[in-house]
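Tertiary structure, described
Chain by chain, the residues run as shown.
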Amino acid sequence: MGGFGRYLAAALAARVASEGMGMAVVLLALESTGSAAHGAFVLTAWLAPHVLAAPLAGAAAARTARPRLFHAGALAGFATAVAALTVLLDRAPVPLVLAVAVLGGSCGPMVTGGLSSLITALVPAGPGRDRAYGWDAATYNAAAVTAPAAVGLVAALGSAGPAMAVLAASGALAAALAATLPYEDQGAGPVPGAPRAGLGAGLAALWRVRELRAVTSATTLGFVGIGSLTTVSVLLATELGSPGGGGVLMTAFAVGALGGSLTVGRITSVEPGRLVRWALAGTGAALAAAAFAPSVAATAAVFALAGVCDGPLLTATLRIRARHAPDGVRTQVFTLGAGLKLTAASAGAALVGIAADAPAAALLTGIAGLLLAAALLHALTVPREPAGVAGAEAAGPTELSAGSATASAGPRTPEGP
């Protein structure tokens, strides 16, 4: 298996462990304590440090002289925390359990954006790298489909403890595969003699570079809606007479997103900023239509269409980050972007919890409105490219003029990411 093939296997294994944690922790708490509330507190402790740890993880990854050891160690720490929670939940004092969850969650940014930032060291610049980001985005969607199903199956056949153990083993496999990747021999890590980027450099780049600011603000707003979609799907299915149909709706969305990332997301001839707007607007329009579907089956079909529209969004976002992030803070940009989206999703889940008494169709229409607003926000904030730049994107990143909006960020050239 080649270097990028091993990367995809490591990314899929790590993201399966990450995607399965939400369900597995709650199931384990319910099984061991009789209350899902304890699991919710542990899950909150697991998710809370993501946005705070993102700049620290990104800066440490950029500064380390041994990136292979750093990334494999972060994934090993992630897997160890999952295994420890399997043993400690309901057996150890609550503060200790929460501390382990916080430590494990602090490794989370390296499972998401941190891993994605390695592609620039594994795949040469050009259309091949754009396609690589499409495959990377597909690992997120594949994990979203398979992880909850695997956790549910193992828990049904045995108990939630073995399901957590499966997730820990998946994380350990990711760490082992990451230790074999060749990125350490291809320019990953700090450039000798280059100044070290501070902890705020990634955030400064997200604000200073207009392309990064546009995609980050738009996707963060959109994920306020996406974060509430799971809860709203359960409420909507219940109103349609199928209390257990929420899982069907979200599975349809995830399967559609996987298909979208493997098809539309791999089209490199479309400028990624345009793909971001199409994806946000298409997802919003499809979910608005789903609010008026008469049955769970019809709603699932429209959810699948919404997923197809959503699938290319991550691919396009990764392409924009890789093209416009300054070399010294690329990993910070990737981890911060992922952390902000996760925080936005958490906020969305909290907001829909407050408004849970409203009609589900109205809540889903609100989610659609947020996604459409995100598409409009991106259109208003992204810089207008000169004629010919979008076409050059399809053939690979090219040198932009010194006076362009991204010149200060070190735009990508054919020789570098």
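Look up a bit, the structure's there.
Here is a short report on the structure shown in this document. (Residues numbered from 1 in each chain as written. Predicted model: local features only at pLDDT ≥ 70, side-chain atom pairs only at ≥ 80, totals over all residues. Heavy atoms only, no water.)

**Here we look at the environment of Ala322**
Selection rule: Each helix is a run of DSSP H or I of at least 4 residues and each strand a run of E of at least 2, with the numbering of both proceeding from the N terminus.
For Ala322, the position within the fold is in helix 15 (residues 296-324). Spatially, the C-alpha atom of Ala322 lies 9.9 Å from that of Leu118, the residues being 204 residues apart in sequence.

**Some thoughts on helix 3 (residues 49-63)**
Put simply, the test is: Here a helix's expected span is defined as the number of its residues, less one, multiplied by 1.5 Å. Two axes are fitted around each residue, one to the seven residues ending there and one to the seven starting there, and the angle between them is reported as the bend at that residue.
Given a rise of 1.5 Å per residue, 15 residues ought to cover 21 Å, and the 21 Å separating the end C-alpha atoms of helix 3 matches this to within 8%. At Pro55, helix 3 is deflected by roughly 25°, the largest bend along its length.

**As for helix 12 (residues 229-239)**
Spelled out, the test is: Residue exposure (1.4 Å probe, protein chains only): buried if accessible area is under 20% of the type maximum, exposed if over 50%, otherwise partly exposed. Here the arc refers to the set of directions running from the helix axis out to each C-beta atom. Residues count as neighbours in contact if any of their non-hydrogen atoms are within 4.5 Å of one another.
Turning to helix 12, its buried residues number three or more, namely Leu229, Val232, Ser233, Leu236 and Ala237. For helix 12, the buried positions fall inside an angular range of 135° around the axis, keeping them on one side. Buried residues in helix 12 make contact with helix 11 (210-226), helix 13 (246-262), helix 14 (272-290), helix 15, helix 16 (330-354) and helix 17 (360-381). Backbone geometry just downstream of helix 12 places Gly241 in the positive-phi region, at approximately 90°.

**Observations concerning the pattern of salt bridges**
Worth spelling out the cut-off: Salt bridges are identified by distance alone: a Lys or Arg side-chain nitrogen within 4 Å of an Asp or Glu carboxyl oxygen.
Under the criterion given, the structure shown has two salt bridges. Here Arg15 makes a salt bridge to Asp136, at a shortest N to O gap of 2.7 Å. Of this pair, Arg15 sits in helix 1 (residues 3-33) while Asp136 sits in helix 8 (residues 127-157), and the two are 121 residues apart along the sequence. The salt bridge partner of Arg319 is Asp130, with a shortest N-O separation of 3.5 Å. In this pair, Arg319 is assigned in helix 15 and Asp130 in helix 8, connecting sequence segments 189 residues apart.

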